[in-house]
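Okay, here's what each chain looks like letter by letter:
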Amino acid sequence: MLLNCHSHFSFKYGTMSVETLIAEAKGKKLDALALTDINSTAGVFPFIREAQKNGIHPVIGIDFRNGIRQQYIGLAGNQEGFFELNKHLSQHRIKGIAFDQRAPAFGNSFVIYPMTEKHFALRENEFIGIHPSQIKKLKYSVWANHKDKLVLLQPASFTSKLTFNAHRLLRAIDGNTLLSKLDPEEQGDIGDMLYSYADMVARCEGHSYLLYNAQKLLERCQFSFYFQAVKNRRDVRGSDWEDYDYLRQETFKGVIKRYGELDDKIEARIEKELELIQQKGFVSYFLINYDLVNYAYSKGYYHVGRGSGANSIVAYCLCITDVDPIELDLYFERFINLYRENPPDFDIDFSWKDRDDVIDYIFKKYNTPEDEHVCLLATHSTFQYNSVLRELGKVFGLPKTEIESLIFHANKPGYAPDQYGKLILRYSEVLKDMPAHLSIHAGGILIAHKPIHYYTATEMPPKGFPISHFDMHVAEDIGLHKFDILSQRGLGHIKSAIQIIQQNQNISVDIRQVAQFKKDPKIKQYLRDGHTIGAFYVESPAMRMLLAKMKADEYLELVAASSIIRPGVARSGMMREYILRHVDKGRRKMAHPVLHDIMPETYGIMVYQEDVIKVAHYFADLSLSEADILRRGMSGKSRSKDEFQRVEKQFFLNCQKKGHDPKITDEVWHQIESFAGYSFAKGHSASFAVESYQSLYLKAYFPLEFMVGVINNFGGFYHTEFYIHELRMNGADIQAPHVNESDYLTNIKGKTVYLGFVHLKFVEKNSVEKLLRERLANGFFLGLADFVARVEISLEQVLILIRIGCFRFTGKTKQALLWEAHFILNKRRPVSGGQGLFKEPGFRELQIPTLEPADIRQEIVDQLEILEFPLDSPFLLLKNQSVPGIKAKDMKMYLGKRVQVIGYLVTIKYTRTVKGDVMNFGTFVDRDGHWIDTVHFPPVVKKHPFKGRGIYLIKGKVTEEFDFYSIEVTSCERMEYWNAGD
């Protein structure tokens, strides 16, 4: 029957989803078919699920092709057959080797070759596929007398003329060519449809044996798969009992390190967790994560274990996480419970610099010489609305301006596109959300007990590690639970800062003393003041404002702040209500008694994902299983809308039975709904808070080294300029790059900070590397002539170094050095860098004409051009220096009054009101370097929009909320800069 079906996982070729393929087959009363996507196994397990659900016998295989040219089809006779097909595909894809015309000698798979004019000997498991269009030629073929080896090969790639046209568009997109120039050889046949049995009988009239042989071949393929079983690496130390014994021993060893002693409460919690971990088959999952963090510790890598795994005391004792679930009253059932079918989830963050080495360790440790057991998890990048409009516009030959105009007007009422526009809009709906290609999951890694090719073929992306063909949803469905190895800049800040402190002050910092950090008075003050620039997760204007309003200085307050800042809580109005109840104990009485009893720590307000489970369980009498469905649904992870809707209905029904006031029930449900896609697990927030404390400790006691660490990791909420500003406010002497003192990255010597060459926009990395190599080999440069003699570098590059002040140690003016550079580099012959080391280069002393004195404003202009930010005060650039304005530190004195402020723009937050109007929150610094926060309501945004970077004259009223001062803006105009030509 159908031995060659293509789903849309035949990327940029097939057009049917797996669900559509099965629905079409069922509608045509077919009882068996084979999914053979082109060089892809991404759809295999969804296909098996859907086929079994609809009473269709699923057969799986691969259509092996070199580009568009079909070489042969492989059908898996059983699981071993799927393994050998996957391994065969992976070896060719990873090594970039074309497939031969003949398949290897598979032991558990069947092979179908497209009919050729050349006869060759077929193995017992090999067949020749006859396309209906070839039947008339069959009796003249060399295969005419081999009827037992002939099968009907009717490809099924399309369902209609519409989807065939969509296929042609996909082929044009794949070939980056105009549709009108698409080679017919690069596309399928319009007859490659999914036909009923009767239609296929008619298509091969007189050759019914082709159908019979195809049907028999499908019957011989029996791929049985048990979805529920855990497929992860089952044992780490040789056997299940050895693993469990080791996990138990290491957990109780960790108790002494974490708690100092073992008490009854801790022991009972550990015993409960260990029993459930063993019962659910997750012992090896914990041990592999334990192995990873031990490896990281041995290499000096810092990590943060977050996610719901922080709810586990076993994870805490193993140092997978640094969150104490006893201290935070985190219940283990949020992580693992008997009712929860989906796998546990540890998210382990490493520095962006260290993560690849950890991944490399995993591949080396858990692969074997014979077989691969590890791969990265894939995601399926899909055609999104705007991108598919652009792609279709290109294949139809539209100019870019017309494409962008189409995108802009597409959804506007009354828009009437031209002929091509109508076609593009029509087919964009067909292609939208169709998978386009494989991408790499942010951090997911699969470690299977059996070789990974029992489940998927693998590809080798530029990253350098093989990836699966299926995504996380399929991995979860088949019982392969991912390990999340993630990266973030915050850990890079911490690691770099500790190294810089050691170099600059010869002090070793133990960043793991989090318990002491939580009590530190200086850190507490920083939190209360929102003095958190550079600190992980707490540096944004919104977070600084929240901390200042809450006067938060306790660990639990910071944990709550990390969660209520999320849009879900803020959108429901609960963030404001939380602050009100936090600062006003009397207002806490407004909480519903049941909710307050469930969540006393957060004053009866849902803040964490766990709160949803608690409320659903205690307020609405849902089972833990139903509560977890609700929690997953509202966090966007539900696999079934029907299931979620059933639980929603049960929620209201149970509340009615319990006699809750319908208004209260609706209010509670509104809180739950507002969490959709945004809420944090409490352990997740707590993990972030731990890292925030570590960053704040470094900021409080080693502010200069910490900020240099932030700058050198190129990450954070703000532009590099404002971390340099923070350095200056902490007493650092900021120096522009310097040929004798600077490195590629920024460095610090005492309190002097030399910016790195990396910040010079137009200086090539190759030039910097030559400079640094020469300086290391032969010492400091004596002057410009010495530098030019020793480093092979262009005049343009030298001029940039001069303009930014890299040769200021010579004592010569910038203008004089520019004259000298032109003279030397225009006269000298090309040299190989570093060949002639002239202590006295031999250039005659130049007679420099009298030049204008240097202007600081021109210095700032050069800094803006070369660094993209000023090192001197940007306020010196103002054309009118006499405009008055109050200072940020004096805002309290003007509460409720109209004021005028001059501020240098730091950042803008764009948001929308409930009516959909745009409003802004602005952050500025004043002349003294202090921060100003502003609110711009929609009428002001329309009348006085931001006009890019610069200094603004801000007028408005000083307002205060919870002792946090800001300006409600009435006008905001960018001020005019000095112009050298004036």
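Not measured: the values here are computed from a predicted model. (Residues numbered from 1 in each chain as written. Predicted model: local features only at pLDDT ≥ 70, side-chain atom pairs only at ≥ 80, totals over all residues. Heavy atoms only, no water.)

**Student:** What is the right way to look at the overall build of the protein chain in this model?
**Tutor:** When helices and strands are tallied, the protein chain shows 38 helices and 21 strands. Radius of gyration (C-alpha) of the protein chain: 34 Å, near the 30 Å computed for a compact globule of 982 residues. Expressed along its principal axes, the backbone C-alpha trace of the protein chain runs to roughly 100 × 85 × 65 Å. Within the protein chain, buried positions represent 56% of all 982 residues. Averaging the coordinates of the 124 positive side-chain charges in the protein chain and doing the same for the 121 negative ones gives two points 4 Å apart. (Helix = DSSP H or I, 4+ residues; strand = E, 2+ residues; numbered from the N terminus. Rg over C-alpha atoms; globule rule 2.2 N^0.38 Å. Buried < 20%, exposed > 50% of the residue type's maximum accessible area, 1.4 Å probe, protein only. Lys, Arg positive; Asp, Glu negative; His and termini not counted. Charge placed at Lys NZ, Arg CZ, Asp CG, Glu CD.)

**Student:** It is not clear to me how helix 13 (residues 355-366) should be interpreted in this structure. Could you clarify?
**Tutor:** For an α-helix, the turn length of 3.6 residues means that residues three or four places apart are oriented alike. Taking 1.5 Å of rise per residue, 12 residues should cover 16 Å, and helix 13 covers 17 Å from first to last C-alpha, within 8% of that figure. Within helix 13 the residues assigned to the buried category are R355, V358, I359, Y361, I362, F363 and Y366. Lining the buried residues of helix 13 we find helix 10 (283-298), strand 10 (347-351), strand 11 (374-382), strand 12 (435-447) and strand 13 (483-488). (Expected span 1.5 Å × (residues − 1). Contact = heavy atoms within 4.5 Å.)

**Student:** Looking at this structure, I do not really get the sheet that holds strand 16 (residues 752-754). What am I missing?
**Tutor:** Across a sheet, strands are paired by hydrogen bonds formed along the backbone, either parallel or antiparallel in direction. The strand order across the open sheet built from 3 strands is 14-16-15, with neighbouring strands paired in mixed fashion. Pairing within the sheet leaves two strands with one partner each, and these edge strands are strand 14 (733-735) and strand 15 (747-749). Neighbouring strand axes in the sheet, compared pairwise and without regard to direction, differ in orientation by 25° on average. Note: strand 15 against strand 16, 3 bridges, orientation antiparallel. Bridge assignment links I748 to a residue of strand 16, and that residue is V753. (Pairing = 2+ DSSP bridges. Axes fitted to C-alpha atoms, helices over the stretch in contact; angles between N-to-C directions.)

**Student:** Can you help me understand a negative patch on the surface in this one?
**Tutor:** A cluster of acidic side chains, namely E261, D263, D264 and E267, defines a negative patch on the protein surface. By the element assignment, E267 lies in helix 9 (residues 264-279). Using a relative accessible area of 33% as the deciding quantity, one classes E267 as partly exposed. (Patch = residues over 30% accessible without salt bridge, like charges linked within 9 Å, V, L, I, M, F, W, Y side chains within 5 Å. Areas by Shrake-Rupley, 256 points an atom, 1.4 Å probe, with all protein chains shown as cover. Salt bridge = Lys/Arg side-chain N within 4 Å of Asp/Glu carboxyl O.)

**Student:** Whenever I open this one, the environment of P132 confuses me. Can you help?
**Tutor:** Mapped onto the elements, P132 comes out in the loop between strand 6 (126-130) and helix 4 (135-138). Taking C-alpha positions, P132 is 9.9 Å from L210, a pair spaced 78 residues apart along the chain. The contact partners of P132, leaving out residues within four places of it in the chain, are L152, L153, Q154 and R203.

**Student:** How should the pairing of strand 10 be read in this particular structure?
**Tutor:** Counting buried positions along strand 10 yields 5 of 5 residues, so the element is predominantly enclosed. Two elements, strand 9 (residues 303-306) and strand 10, share 4 bridges in a ladder whose sense is antiparallel. Within the sheet, the bridge partner assigned to V304 lies in strand 10 and is D349.

**Student:** Help me understand the confidence of the model for the protein chain, please; the structure alone is not making it clear to me.
**Tutor:** As a general rule, the predicted coordinates of low-pLDDT regions are not to be interpreted in detail. The share of residues in the protein chain with pLDDT of 70 or more is 95%, and the mean pLDDT across the chain is 90. Averaged over each element, pLDDT in the protein chain is lowest for helix 23 (residues 567-571) (67) and highest for strand 16 (98). Overall, residues 830-843 carries pLDDT values under 50, and its contacts beyond four positions in sequence, including any with other chains, amount to 19 contacts. (pLDDT = per-residue confidence, 0-100.)

**Student:** How do you make sense of the pattern of salt bridges when you look at a structure like this?
**Tutor:** Side chains bearing opposite charge may pair, as long as their charged atoms lie close to each other. Evaluation of the coordinates by the stated rule reveals 52 salt bridges. E865 serves as the salt-bridge partner of R803, at 2.7 Å between the closest nitrogen and oxygen. You can see R803 sitting in helix 35 (residues 795-803) and its partner E865 sitting in helix 37 (residues 856-866), a full 62 residues away along the chain. Judged by its relative accessible area of 39%, E865 is partly exposed.

**Student:** Mind showing me how you'd approach the environment of A202 here?
**Tutor:** Looking at the secondary structure, you find A202 in helix 6 (residues 197-203). For the pair A202 and P132, spaced 70 residues apart in sequence, the C-alpha separation works out to 9.8 Å.

**Student:** Sorry, what's going on with the packing of aromatic side chains here?
**Tutor:** For any pair of aromatic rings, the description consists of the separation of the ring centres together with the inter-plane angle of the planes. Applying the stated criterion across every chain, the model contains 51 aromatic pairs. With 5.0 Å between their ring centres and 70° between their planes, F717 and Y718 make a pair best called edge-to-face. F717 sits in the partly exposed class, given a relative accessible area of 45%. In this structure Y718 comes out as buried when scored by relative accessible area, which is 7%. Between the aromatic rings of Y718 and Y723, the centroid separation amounts to 6.2 Å while the plane-to-plane angle is 75°, which identifies the pairing as edge-to-face. Considered together, Y718 and Y723 belong to a single accessibility category, that of buried residues. Three or more aromatic residues link up through ring pairs in this structure, and these residues are F45, F82, F223, F225, F227, Y455 and F470. (Phe/Tyr/Trp six-rings, centres within 6.5 Å; stacked < 30°, edge-to-face > 60°.)

**Student:** How do you make sense of the side chain of S692 when you look at a structure like this?
**Tutor:** One can find S692 in helix 30 (residues 682-701). For S692, a relative accessible area of 0% corresponds to the buried category. A polar contact is formed between the side chain of S692 and the backbone oxygen of F536, at a distance of 2.7 Å. If we ignore the near neighbours within four places in the chain, the residues touching S692 are F536, Y537, V538 and L558. (Polar contact = N/O pair within 3.5 Å; in protein donor to acceptor, adjacent residues only side chain to side chain.)

**Student:** I keep staring at the side chain of H167 and nothing clicks. Help me out?
**Tutor:** Mapped onto the elements, H167 comes out in helix 5 (residues 161-175). At 2.8 Å, the side chain of H167 and the backbone oxygen of Y13 are in polar contact. Discounting chain neighbours no more than four positions away, the residues touching H167 are Y13, T15, F158, Q187 and G188.

**Student:** Please clarify how the sheet that holds strand 13 should be interpreted in this entry.
**Tutor:** In space, the 5 strands of this open sheet follow the order 9-10-13-12-11, with mixed pairing throughout. Looking along the sheet, the strands with just one partner apiece sit at the ends: strand 9 and strand 11. Ignoring strand direction, the axes of neighbouring strands in this sheet form an average angle of 40°. Along the sheet, helix 30 makes contact with strand 9, strand 10 and strand 13, crossing strand 9 at roughly 160°.

**Student:** Would you mind going over the nonpolar core with me for this structure?
**Tutor:** The tendency in soluble globular proteins is for nonpolar side chains to be buried side by side. Counting residues in each nonpolar core, the largest one holds 110 residues, and the members touching the most others are I511, Y555, L698, L727, F787, L801 and F807. Counting residues per element, this core draws most heavily on helix 30, which supplies 8 residues. Not counting residues up to four positions away in its chain, the partners in contact with F807 are V739, G783, L784, F787, L801, I802 and L817. Grouped together as the second largest cluster of nonpolar side chains are 84 residues, F45, L194, A448 and A475 included. (Core = buried A, V, L, I, M, F, W, Y, C linked by side-chain atoms within 4.5 Å.)

**Student:** Got a minute to help me understand the packing of helix 10 against helix 13 in this structure?
**Tutor:** For any two helices packed against each other, one specifies the inter-axial angle together with the distance between the axes. Running from N to C, helix 10 and helix 13 cross one another at 130°; their axes reach a closest spacing of 11 Å. Taken together, the axis directions place helix 10 and helix 13 in an arrangement best described as oblique. In terms of crossing hand, the pair formed by helix 10 and helix 13 is right-handed. The residues of helix 13 that touch helix 10, namely those facing I288, D291, L292 and Y295, are D357, V358, Y361, I362, K365 and Y366. Taken together, the residues of the contact of helix 10 with helix 13 sort by class into 7 nonpolar, no polar and 3 charged. (Parallel < 35°, antiparallel > 145°, perpendicular 65-115°, else oblique. Left-handed = near helix turned anticlockwise from the far one by under 90°. Nonpolar A, V, L, I, M, F, W, Y, C, P; charged D, E, K, R; others polar.)

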